Amino acid sequence: MAIEDDVLVIGGGIAGATAALSAADEGADVRLVTHKESTLRNASGLIDVLGYLPSDDADGASEGPLVDPFAAIPDLPETHPYRTVGVEAVREALAFFDGIVGDAYLGAHTDDNALVPTHGGSIKPTARYPRSSAAGLASDRRDALLVGFETLPTFEGPLAAAHLEAAGVPFQARGVTLSFPGIVRDDAKVTRYAHLLDRDETVSTATGAETGAREALAAAVEAHLEGEKRVGFPAVLGDEGPDEVRAALEAHLGVDVFEVPMGPPSLPGLRLEDRLYAALETAGVEVRSGVPVVDYERDDGRIDRVVVDRNGAEIPHRADQYVLATGGLVGKGVESNRERVIEPIFDCHVPHATDRYDWFSEDAFGEHPFARFGVVPDGELRPRDGSGNAEFQNLRAAGAVLGGYDYAAEKSGAGVSIATGYVAGRHAAARATDARLATNDEVTPQ
Ligand SMILES: Cc1cc2nc3c(=O)[nH]c(=O)nc-3n(C[C@H](O)[C@H](O)[C@H](O)COP(=O)(O)OP(=O)(O)OC[C@H]3O[C@@H](n4cnc5c(N)ncnc54)[C@H](O)[C@@H]3O)c2cc1C
């Protein structure tokens, strides 16, 4: 019977997008179906590979921040996804990511982690960071002014500056809180701030004069500069044209401007999502959102087809190979009820203690087993059943649906998604090519 696609990717977060791009890059016909918004909208937009090594200690104390994440990978537990794919694959995958995002991300010049200040004033060890955060690195010795806004309480400039100083950064940090020209509502969305600057909308200044939002913001900040050579803002500096907005502010202020990555909703995360989806379009991947995979049919150890719910209609999708990239407990790729932890589409095995009280640590800051819940892959990233065999010959898993790592404690979320997405996509494309060649041999008269 005809195969509709070579590869069907289920889930459109960073893992699924990377898997689809990786398979398409190998010449496969790829389709991606996804349900709801991905975690990228909540994540900072930073690409963490490995910031901390998990510890065997009961207190959960971890080792780090790590200078070189790649050097630390061999010290991870054998069941960690990075150990499954191997350090060279992690490097290849990051190089692949660099090729997708181009000059929008920095950090590829070194194996060492960059130290990026985040909205609470903590410093994040990360492997790749958006260009918009480049002038904010904590290793930079230039003094910094951090500007928060009265209507955006999730970033407090003075508090973030105090935290940075307490962390011992090699520069002086100072913070101020200003009103954002043109914003009066306390509940304005971050996209409202960004669009005001994107469009350089006309706003009224404190003196009642009318001017463009970029100039008004720069003028408000300028009055507070005390010789600092760089100014940090919460990451709201433009949605469609962040480089242009930053350049305009820098021209007005005469100093470097950077964004401090924020929590949800995250504009850098949304910008990264836009880039990935633009790359999917360029690569010819068929993408359909808002359509959950709800069922499947098995045939002789393989997935024969999956069933997609399209507005209540159940549509079968067939492919030679499938990639499961449905996320973890956040994305609903892994779910729990009072009795079990499950992978809801294929019911792949998810190891967990039978007593649900053992899913958590008594210490709120300890190592919680639930943080590592997920499917257990073999060397080709095929989820394994309880006996250790591949659940299906043609299903691979990538990203947060995989178990064996705690992305929040290790700071490894996007890195694992990119590495496993890349490898799953490559394997899926290779197997699909084998199947095509075998079919051609059958139909070509000898
Ligand atoms: C608040 C927060 C902040 C974070 N910050 C960082 C950070 O700073 N740096 C970092 O590296 N990592 C960070 N992470 C972790 C990182 O974002 C995740 O590990 C990563 O995004 C997971 O990607 P994913 O593609 O595996 O899953 P997801 O992004 O969850 O995507 C899964 C997708 O699959 C879809 N899906 C689920 N079920 C179905 C179905 N049945 N059919 C079709 N589609 C389905 C979902 O709707 C979703 O779109 C953060 C995570 C969170 C929650």
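Please refer to the structure placed before this passage.
In what follows, the accompanying structure is described. (Residues numbered from 1 in each chain as written. Predicted model: local features only at pLDDT ≥ 70, side-chain atom pairs only at ≥ 80, totals over all residues. Heavy atoms only, no water.)

**Observations regarding the pattern of salt bridges**
A pair can form between side chains of opposite charge whenever their charged atoms are brought close. Worth spelling out the cut-off: The term salt bridge refers to a side-chain nitrogen of Lys or Arg lying within 4 Å of a carboxyl oxygen of Asp or Glu. The numbering of helices and of strands both runs from the N terminus, where a helix is a DSSP run of H or I of at least 4 residues and a strand a run of E of at least 2. Classification of residues uses two cut-offs on accessible area relative to the type maximum, computed with a 1.4 Å probe and protein chains only: under 20% is buried, over 50% is exposed, and between them is partly exposed.
Evaluated as defined, the whole model comprises 31 salt bridges. Between Arg302 and Asp320 there is a salt bridge whose closest N-O contact spans 3.2 Å. Here Arg302, found in strand β15 (residues 302-310), pairs with Asp320, found in strand β17 (residues 319-324); they are 18 residues apart in sequence, far enough to count as distant. Relative accessible area serves as the criterion here: at 30%, Arg302 is assigned to the partly exposed category. When the shortest N-O distance is used, the salt bridge between Arg396 and Glu380 registers 2.5 Å. With Arg396 in strand β20 (residues 395-397) and Glu380 in the loop between β19 (341-342) and β20, this pair connects stretches of sequence that are 16 residues apart. The burial state of Arg396 is the same as that of Glu380; both residues are buried.

**Digging into helix α6 (residues 190-198)**
The test is simple: Working rule for contacts: check all heavy atoms of both residues, and any pair within 4.5 Å makes them a contact.
When you tally the buried positions in α6, you get 7 out of 9 residues, the bulk of the element. All of the buried residues in α6 are Val190, Tyr193, Ala194, His195, Leu196, Leu197 and Asp198. Against the buried residues of α6 lie β9 (202-204), α7 (213-222), α8 (242-253) and α9 (267-282). Within two residues after α6, Asp200 carries a phi angle of roughly 50 degrees, on the positive side.

**Comments concerning the packing of aromatic side chains**
The test is simple: In this analysis, rings of Phe, Tyr and Trp, with Trp reduced to its six-membered ring, are considered paired at centre separations within 6.5 Å, and the interplanar angle assigns stacked below 30 degrees, edge-to-face beyond 60, and tilted for intermediate values. Here, over-ring charges are defined by two tests on the NZ atom of lysine or the CZ atom of arginine: distance to the ring centre within 6 Å, and angle to the ring normal within 35 degrees.
According to the stated counting rule, one finds 9 aromatic pairs in the structure shown. Plain terms: the ring middles of Phe97 and Tyr105 are 5.4 Å apart, the flat faces sit at 80 degrees to each other, and that makes the pair edge-to-face. There is no split in this pair, since Phe97 and Tyr105 are both buried. Taking the centre distance of 5.5 Å and the plane angle of 85 degrees together, the rings of Tyr296 and Phe392 count as edge-to-face. Separated by 96 residues along the polypeptide, Tyr296 in strand β14 (residues 293-299) and Phe392 in the loop between β19 and β20 bring together distant segments of the chain. Overall, the relative accessible area of 0% leaves Phe392 in the buried class. Ring pairing ties together the aromatic residues Phe149, Phe180, Tyr193 and Phe233, which thus form one cluster. Seen from the ring of Phe70, Arg91 lies directly overhead, with NZ or CZ sitting 4.5 Å from the centre.

**Things to note about the site of the ligand**
We apply this condition: The cutoff for a nearby residue is simple: one of its non-hydrogen atoms must lie within 4 Å of the molecule or strand. Any pair of N or O atoms that falls within 3.5 Å is considered a polar contact. Within protein, one atom must be able to donate a hydrogen and the other to accept it, and sequence-neighbouring residues count only if both atoms are side-chain atoms. Note on areas: these come from Shrake-Rupley sampling with a 1.4 Å probe, and a residue is covered only by the protein chains present in the view.
The environment of the ligand is formed by 32 residues, the closest being Lys36, Thr39, Ser44, Ala400 and Ala414. One of the side-chain N or O atoms of Ser44 is found 2.4 Å from an oxygen atom in the ligand. Contact distances for the ligand include 2.8 Å between a nitrogen atom and a side-chain N or O atom of Asp48. Relative to its unbound accessible area of 1,000 Å², the ligand is 89% covered by the protein chains. Put simply, the parts of the chain that give the shell around the ligand at least two residues each are α1 (14-25) and α11 (413-443). Here the shell around the ligand takes 3 residues from α11, the largest share from any one element.

That's the geometry; what it means functionally is another story.
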